[in-house]
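Coordinate inspection notes
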Amino acid sequence: MKRRETIKALVWASLATTVNVQRARGGEQKVVDEARERRIKWFREAKFGMFIHWGLYAIPAGIWKGKEIPGLGEWIMFRARIPVKEYAQLAKQFNPTKFNADEWVQLAKEAGQRYLVITAKHHDGFAMYDSKVTDYDIVDATPFGRDPMKELSEACRKHGIRFCFYYSHVQDWHHPDAVGNDWDYDPSQKNFARYWEEKAKPQIRELLTQYGPLGLMWFDTPRNISYEHALEAVQLVRSLQPDCLVNGRVGHNLGDYREMGDNRIPEDVVEEDWEVPATINDTWGYKVTDNNWKPVERLIFNLVDIVSKGGNYLLNVGPTAEGIIPEPSVERLLAMGRWLKVNGEAIYGAGRSPFRPVNKYPWRCTTKPGKLFVTLFQWTDTLELPSIPQQVTRAHLLVDGTSLKFNQTPEKVVVRLPSSAPDPIASVVVLEIE
Ligand code: FHN
């Protein structure tokens, strides 16, 4: 067999059995890790999650002392160099009386999202849960006085959504020894190990022991964390919740899967397990001036594109200080959910496209044993696919099972399509193969 054919045969074979390896430090060592294989099963099936960035930054919502602060909403403390003492005053105003855990989780459910990751503590250092490690938390420092994480964890359990925490383990602009705040604290005087022992570790422990089983711990901005600290974070998770995944940004490739850059969808298939965190507008934390909402067509395309390349889509919402998820996000998520209700078979638990490079084609292909799901975003008379080594036995529309005529030659497969698109946004053609 020629080299190109061998590669192609391997690609098709990998659809049946994906060889998974654990990425170890530096990537030198590759071993199959059975425990990880078990842990990550749900994540491979889930494909679509809700990210929630919610914290004190939702109060200024991008405006400080009458001035719009450029950049991400949740970075306002850093961008405006707000002193710790001043920023901490926001807690006294934080009273999200419209917060309803059940409504948020129900929205995720209706959107077709299978897991929910929420900021327990972002870089501003404020704990959005009842922490005994500090009084700088939502229960002790705000008039609200409730623990929204408890309510969300219970709602998630009730609705069958995996509950997960985001925790900023390296940056903490409130703590004098953590990374990030050089306007209140002199970097040369910092002792990261002190922050790690007295805040980060005990808080990670709290999150792993107070909210029931977690789907994953989502760490962020590892910066120059030492190998030992990153390993300690992972070991803490492993010792307290062996089934809980750790995302790639814990540092030193020690996570269970790879985290892509924010809103960075790779050009082609990636053979590892991976996820892309993404925004619906531009910011993560609520920002009143950010109305750059992505159209639902783009969001659905992104979801299919990501799944066809082997990844998960973690799509963010930034609730207001009152506890409301902005309406433009709600509308879009509900539209995605409506699409998934009909076409979810092409997404949940689906595997990578055998047609590569993926970006060469206007459609996207996802796979299950014996089936290819081809999602078209522009409707045409015929769908032309490159050569498929197996015999195609049937082609039909996913929406209603209508059979489609097709012609298979060694070079290509041509499927004849009905005159109008079954779905105005994206329609799925199923090919059954031997
Ligand atoms: O700095 C954060 C940012 O605020 C946001 O939380 C994103 C989400 O992936 N992570 C960091 C930047 O990559």
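Residues numbered from 1 in each chain as written. Predicted model: local features only at pLDDT ≥ 70, side-chain atom pairs only at ≥ 80, totals over all residues. Heavy atoms only, no water.

Summed over all chains, the structure comprises 28 aromatic pairs. Judged by centre distance (5.0 Å) and plane angle (75 degrees), the rings of Trp75 and Phe78 are edge-to-face. Across the pair, exposure class does not vary: Trp75 and Phe78 are buried alike. Ring centres of Phe78 and Trp183 lie 5.6 Å apart, and the angle between their planes is 85 degrees; on these two criteria the pair is classed as edge-to-face. (Phe/Tyr/Trp six-rings, centres within 6.5 Å; stacked < 30°, edge-to-face > 60°. Buried < 20%, exposed > 50% of the residue type's maximum accessible area, 1.4 Å probe, protein only.)

Quick look at empty space enclosed by the protein now. As enumerated under the stated definition, the model contains two cavities of 30 Å³ or more in all. The calculated volume of the largest cavity comes to roughly 70 Å³. If you go around the largest cavity, you meet 13 residues; those closest to its centre are Asn281, Thr283, Trp293, Gly318 and Pro326. Here the residues of the lining of the largest cavity sort into five nonpolar, six polar and two charged. Space inside the second largest cavity adds up to approximately 30 Å³. Lining the second largest cavity are Trp54, Gly55, Leu56, Tyr57, Thr119, Ala120, Lys121, His122, Asp124, Phe126 and Met128. Class assignment for the residues of the lining of the second largest cavity results in six nonpolar, three polar and two charged. (1 Å grid on protein atoms, 1.4 Å probe; cavity = no way out; pocket = protein on both sides within 12 Å on 5 of 7 lines; lining within 4 Å. Points joined across faces, edges and corners; volume = space filled by probe spheres on them. Nonpolar A, V, L, I, M, F, W, Y, C, P; charged D, E, K, R; others polar.)

Domain parsing of the protein chain yields domain 1 (20–346) and domain 2 (369–433). Here the C-alpha centroids of domain 1 and domain 2 sit 38 Å apart. The partner domain 2 presents 10 residues to the 10 residues of domain 1 that form the contact. Where domain 1 meets domain 2, there are one salt bridge. Salt-bridge contacts for Lys371 lead to Glu345; the nearest nitrogen and oxygen are separated by 3.3 Å. For the interface between domain 1 and domain 2, the tally reads two residue pairs in polar contact (both at pLDDT 80 or more). Those elements that provide at least two residues to the side of domain 1 that touches domain 2 are helix H11 (296–308) and helix H12 (327–343). Taken together, the residues of the side of domain 1 that touches domain 2 break down into seven nonpolar, one polar and two charged. (Domains from an automatic or database assignment. Contact = heavy atoms within 4.5 Å. Salt bridge = Lys/Arg side-chain N within 4 Å of Asp/Glu carboxyl O. Polar contact = N/O pair within 3.5 Å; in protein donor to acceptor, adjacent residues only side chain to side chain. Helix = DSSP H or I, 4+ residues; strand = E, 2+ residues; numbered from the N terminus.)

A separate point is the side chain of Asn343. With respect to the secondary-structure elements, Asn343 resides in helix H12. Using a relative accessible area of 2% as the deciding quantity, one classes Asn343 as buried.

What follows covers the sheet that holds strand E13 (residues 364–368). Here four strands make up an open sheet; going across it, the order is E13-E14-E19-E16 and the pairing antiparallel. Each end of this open sheet is capped by a strand with a single partner; those strands are E13 and strand E16 (392–397). Ignoring which end each strand starts from, the neighbouring axes of this sheet average 20 degrees apart. Where E16 lies against strand E19 (residues 427–433), five bridges are found, and the strand directions are antiparallel. Opposite Arg394, over in E19, you have Glu432 as the bridge partner. (Pairing = 2+ DSSP bridges. Axes fitted to C-alpha atoms, helices over the stretch in contact; angles between N-to-C directions.)

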